There are 2 protein chains.
Amino acid sequence: MADGEEVSNKQIILRDYVSGFPKESDMFVKTSTILLKVPEGSEAVLLKNLYLSCDPYLRNRMKKAEEGGYDDSITPSSPVSGFGVARVLDSGHPNYKKGDLVWGITGWEEYSLITDVESLFKIQHTDVPLSYYTGILGMPGLTAYAGFYVICSPKKGQYVFISAASGAVGQLVGQFAKLLGCYVVGSAGTKEKVDLLKNKLGFDEAFNYKEEKDLDATLKRYFPNGIDIYFENVGGKMLDAVLLNMRLHGCIIGCGMISQYNLDQPEGVHNLFELVTKRIRMEGFVVLDYVHVYPKFLDMIVPYIKEGKISYLEDIVEGLENGPAALIGLFYGRNVGKQVVVVAHD
Amino acid sequence: MADGEEVSNKQIILRDYVSGFPKESDMFVKTSTILLKVPEGSEAVLLKNLYLSCDPYLRNRMKKAEEGGYDDSITPSSPVSGFGVARVLDSGHPNYKKGDLVWGITGWEEYSLITDVESLFKIQHTDVPLSYYTGILGMPGLTAYAGFYVICSPKKGQYVFISAASGAVGQLVGQFAKLLGCYVVGSAGTKEKVDLLKNKLGFDEAFNYKEEKDLDATLKRYFPNGIDIYFENVGGKMLDAVLLNMRLHGCIIGCGMISQYNLDQPEGVHNLFELVTKRIRMEGFVVLDYVHVYPKFLDMIVPYIKEGKISYLEDIVEGLENGPAALIGLFYGRNVGKQVVVVAHD
């Protein structure tokens, strides 16, 4: 393809705001055209998208901000937007040039004209799988790092519990905690994931929450001395059971509550008074507030990857048109590890 | 009465662990005898109790610690214990002598032999009402100070909401926030209390939560820009409504949840995902962890009292035998301000 050529551009469009469980039909494929050139005088960049990231938080951006989602809802009739990895085809911005690899907020489409260049990061390390920039080296990696290290000041020997532990973020939190010398238990929703947690990711223990009738009893079994740090990815009943098992001065890192995103009315959490009697801090966070620590995070994580000290599970699906199913699969726990959609390989 | 004399000692005894709403009949008056002398060789002190403090947290000490109460449950068939003001009649401890005035953990009885002397504080300032050491100068005062200043680092101009705002702690938090230059709104359960909050305690606004059908709408009316700091005394539905109205990076100070203490199953709180999207910190605390800041607190509060910059509402009932009714009244909101029981005036 020649510079400045007009080409067809396959896109995944959000049909309308979503309520309840999202369905594939909430999105549809549309083919439009795009000029592979940044408009004259603009500081935008034109991207060829390579990998797209399926993240649970996208569900909350599919509803109006007023209804308890994040501030930047996805606009109906527009392409879904989210994190991805891309190659710069043309640039009006002084920091980017043709051929640069970037990760950041892009569209669910083959090509994107990005005007909000501030939300892109130039990829410096290319001797790792590029898809990692949707996961371990991207937003989920920074999320795990900021949530675990910055919010809770973890210490060697502490008891750490992680829900949705084989997911994009959870699997990293668990490995960070193990590297620090913590006792680490994770929950997941299939036997396969539990096996991966124990045998590939080095968790001390893991359990399938779907097979447990009494989560309070389950947690007491794995944490007879209680939990110091809970990395919260699911909410609802699991949070309620965790509250009963926290230790004095424990910390709950509120990263996500995936079990609640598709409910009309979130489940009630009954045991919050435990926060008072046990002097617990529960703190929610959004990774975008921690972008300033990204360089420090990279300094830590890249050597770990190269030395094989940290593994990363990815669940890779080929083809933009398979993106909606992959995204929706998150809410049924179909993904094993970080869910990535390949739009193009280079 | 002569030193070392054996005298009768009226006591309020906890009949058994309490479930549901406490009743007067959960306690009974018993008259035993006590020798007004510390046993030879003991480091205990013998106290004549003057004022007893009725505090909501006592409800949680009336159940077994395993059932989600505090660690130091009150033992059935023993006197209720809690904070009080007393005069030392005899002392085996080098730090205390006959005639000293103290506040701290004592028994609901006329005379107490206290072996855990560590939980007593010697009263230095006696030119204020001694009953203040059950409230503004005692545990509730330190609670308000630690919760408001230490946990949430409040700033001038912030929007502060306080529930149970005319209570022993809430009325102080509101006045601290006003002195700092915050906008302060409180909720209470009667028109009389609302009037006191606005007209005597200097709150910017106050409302009677019992007259509000939709607490979310109520809070939006008083906080069109949202709440930066919520001082949580009640839990349940109020907390759920507050979560919908918190501002980004807000702070919820978990001091108590009085609306929940007598329920078999605490109400469910549904809006906890707001903690994540709004990056809210919710932190529970127990005042006993902040005893080290008590001298600093006194340095601040005593001048405020003497200069008339802070008022303190007390609801004083005469007679130890009226203690149970006064304590139970807390859970029906019968008290107007700090509930104190006078055992003896000197």
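Cut-offs used in this document
- Residues numbered from 1 in each chain as written.
- Chains lettered and ligands numbered in written order.
- Predicted model: local features only at pLDDT ≥ 70, side-chain atom pairs only at ≥ 80, totals over all residues.
- Heavy atoms only, no water.
- Helix = DSSP H or I, 4+ residues; strand = E, 2+ residues; numbered from the N terminus.
- Rg over C-alpha atoms; globule rule 2.2 N^0.38 Å.
- Contact = heavy atoms within 4.5 Å.
- Areas by Shrake-Rupley, 256 points an atom, 1.4 Å probe, with all protein chains shown as cover.
- Lys, Arg positive; Asp, Glu negative; His and termini not counted.
- Charge placed at Lys NZ, Arg CZ, Asp CG, Glu CD.
- Buried < 20%, exposed > 50% of the residue type's maximum accessible area, 1.4 Å probe, protein only.
- Polar contact = N/O pair within 3.5 Å; in protein donor to acceptor, adjacent residues only side chain to side chain.
- Disulfide = S-S within 2.5 Å.
- Buried area = accessible area lost by both parts, 1.4 Å probe.
- Nonpolar A, V, L, I, M, F, W, Y, C, P; charged D, E, K, R; others polar.
- Pairing = 2+ DSSP bridges.
- Least-squares fit on C-alpha atoms with pLDDT ≥ 70 in both.
- Core = buried A, V, L, I, M, F, W, Y, C linked by side-chain atoms within 4.5 Å.
- Domains from an automatic or database assignment.
- Axes fitted to C-alpha atoms, helices over the stretch in contact; angles between N-to-C directions.
- Right-handed = clockwise from strand over helix to strand, strands pointing away.
- Phe/Tyr/Trp six-rings, centres within 6.5 Å; stacked < 30°, edge-to-face > 60°.
- Lys NZ or Arg CZ within 6 Å of the ring centre and 35° of its normal.

The name that an unreviewed UniProt entry assigns to chain A is Enoyl reductase (ER) domain-containing protein, with the source organism given as Nyssa sinensis.

K.L.:
Give me the overall build of chain A: which residues, what numbers.
P.N.:
Regarding its fold elements, chain A presents nine helices and 15 strands. Taking 346 residues into account, the globule formula puts the C-alpha radius of gyration at 20 Å, and chain A, at 20 Å, falls close to it. The dimensions of chain A, computed from C-alpha atoms along their principal axes, are 65 × 45 × 35 Å. Restricting the contact set of chain A to residue pairs at least 6 apart, pairs at least 24 apart contribute 69%. Accessible surface, chain A: about 13,700 Å² in total, of which carbon and sulfur atoms supply 49%. Placing the 35 positive and 43 negative side-chain charges of chain A at their respective mean positions leaves the two points 6 Å apart.

K.L.:
Can you tell me about the side chain of Gln171 of chain B, naming the residues and giving the values?
P.N.:
All names here are of chain B. Within the fold, Gln171 resides in helix H3 (residues 170-180). Residue Gln171 is classed as buried on the basis of its relative accessible area, which comes to 0%. Separated by 2.8 Å, the side chain of Gln171 and the backbone nitrogen of Leu313 make a polar contact. Those residues in contact with Gln171 that sit more than four places away from it in its chain are Ala165, Ser166, Leu201, Phe203, Ser311, Tyr312, Leu313, Gly337 and Lys338.

K.L.:
I'd like a description of the state of the cysteines, backed by residues and values.
P.N.:
Residues and elements named next belong to chain A. This model, assessed by the stated rule, comprises two disulfides over all chains. Here Cys152 connects covalently by a disulfide to Cys251, the sulfurs 1.7 Å from one another. Measuring handedness by torsion sign, the sulfur bridge of Cys152 and Cys251 sits at about -75 degrees and is left-handed. Remark: Cys251 occurs in strand E12 (residues 246-254) and Cys152 occurs in helix H2 (residues 139-152); sequence separation between them is 99 residues.

K.L.:
Help me get a handle on the interface of chain A and chain B, residues and values and all.
P.N.:
The interface of chain A with chain B comprises 32 residues on the first partner and 32 residues on the second. Together chain A and chain B conceal approximately 2,700 Å² of surface at their shared face, both sides included; 63% is due to carbon and sulfur atoms. Linking chain A with chain B are ten residue pairs in polar contact (both at pLDDT 80 or more), by the criterion used here. For the side of chain A that touches chain B, the elements supplying multiple residues, two or more each, are E12, helix H7 (273-277) and strand E13 (281-284) of chain A. Tallied by class, residues from the side of chain A that touches chain B come to 15 nonpolar, eleven polar and six charged. Sheet analysis places E13 of chain A next to strand E13 (residues 281-284) of chain B, joined by three bridges and oriented antiparallel. Bridge assignment links Glu283 of chain A to a residue of E13 of chain B, and that residue is Arg281 of chain B.

K.L.:
Describe the relation of the copies chain A and chain B, naming the residues involved and giving the relevant values.
P.N.:
By a simple turn and slide, chain A fits onto chain B: the slide is 0.0 Å along the axis, the RMSD is 0.0 Å, and the turn is 180 degrees. Accordingly, the operation relating the two chain copies is best matched by a two-fold axis. Using C-alpha coordinates, one finds that chain A approaches the rotation axis most closely at Gly268 of chain A, a distance of 1.8 Å. Both copies share a contact surface, since 100% of the interface residues of chain A are interface residues in chain B too.

K.L.:
Now, about the nonpolar core: what can you tell me, with residues and values included?
P.N.:
Counting residues in each nonpolar core, the largest one holds 219 residues, and the members touching the most others are Ile301 of chain A together with Ile301 of chain B. Here Ile301 of chain A is in contact with Ile136, Leu137, Phe176 and Ile310 of chain A, once residues within four sequence places are set aside.

K.L.:
So what about the domain arrangement of chain A? Which residues, and what values?
P.N.:
Residue and element names in this part refer to chain A. Assigned domains within chain A: domain 1 (6-135 + 313-342) and domain 2 (139-288). In this structure, domain 1 and domain 2 have C-alpha centres spaced 28 Å apart. Tallying the contact residues gives 22 residues for domain 1 and 18 residues for domain 2. Taking both sides of the interface into account, the surface hidden between domain 1 and domain 2 amounts to around 1,700 Å²; carbon and sulfur atoms contribute 62%. Interface area lost by domain 1 to domain 2 is led by Gly135, Leu313 and Val336, which between them contribute 31%.

K.L.:
Pulling in residues and values, what's your account of the sheet that holds strand E11 (residues 227-232) of chain B?
P.N.:
Strand order in the open sheet made by the twelve strands is E10(A)-E9(A)-E8(A)-E11(A)-E12(A)-E13(A)-E13(B)-E12(B)-E11(B)-E8(B)-E9(B)-E10(B), with mixed pairing throughout. Single-partner strands in this sheet number two, and they are strand E10 (205-208) of chain A together with strand E10 (205-208) of chain B. Put simply, the sheet's adjacent strands are angled 15 degrees from each other on average, direction ignored. Looking at chain direction, strand E9 (residues 183-188) of chain A and E10 of chain A are connected through four bridges and run parallel. Note on E10 of chain A: the bridge partner recorded for Ser187 of chain A is Phe207 of chain A. Sheet strands touched by helix H6 (residues 237-245) of chain A: strand E8 (159-162), E9, E10, strand E11 (227-232), E12 and E13 of chain A. Its angle to E12 of chain A, the strand with the most contacts, is close to 150 degrees. Docked against the sheet, helix H4 (residues 191-199) of chain B engages strand E9 (183-188) and E10 of chain B, running at close to 175 degrees with respect to E10 of chain B.

K.L.:
How would you sum up H6 of chain A? Please name residues and give values.
P.N.:
Where burial is concerned, most of H6 of chain A is hidden: seven out of the nine residues are buried. Of all the positions in H6 of chain A, only Met238, Leu239, Asp240, Ala241, Val242, Leu243 and Asn245 of chain A are classed as buried.

K.L.:
So, the pairing of strand E14 (residues 314-318) of chain A: which residues are in play, and what are the values?
P.N.:
Residue and element names in this part refer to chain A. As paired strands, E14 and strand E15 (residues 338-342) are joined by five bridges and run parallel to one another. Across the sheet, the residue bridging to Glu314 is Lys338, located in E15. In this region the chain leaves E14, passes through helix H9 (residues 323-329) and returns to the parallel neighbour E15; the handedness of that crossover is right-handed.

K.L.:
An account of the packing of aromatic side chains is requested, with residue identities and associated values reported.
P.N.:
Geometrically, a pair of aromatic rings is defined through the distance of the ring centres and the angle of the planes. Throughout the structure, instances matching the rule amount to 40 aromatic pairs over all chains. When the centroid spacing of 5.8 Å and the interplanar angle of 85 degrees are considered together, the rings of Tyr183 of chain B and Phe223 of chain B count as edge-to-face. Note that Tyr183 of chain B is positioned in strand E9 and Phe223 of chain B in the loop between helix H5 (215-222) and E11, a separation of 40 residues in sequence. Three or more aromatic residues joined by ring pairs make a cluster, and in this case those are Tyr57, Phe83, Trp103, Phe121, Tyr145, Phe148, Tyr149, Phe176, Tyr294 and Phe297 of chain A. The residue whose ring lies beneath Lys122 of chain A is Tyr96 of chain A, and the NZ or CZ to ring-centre distance is 5.4 Å.

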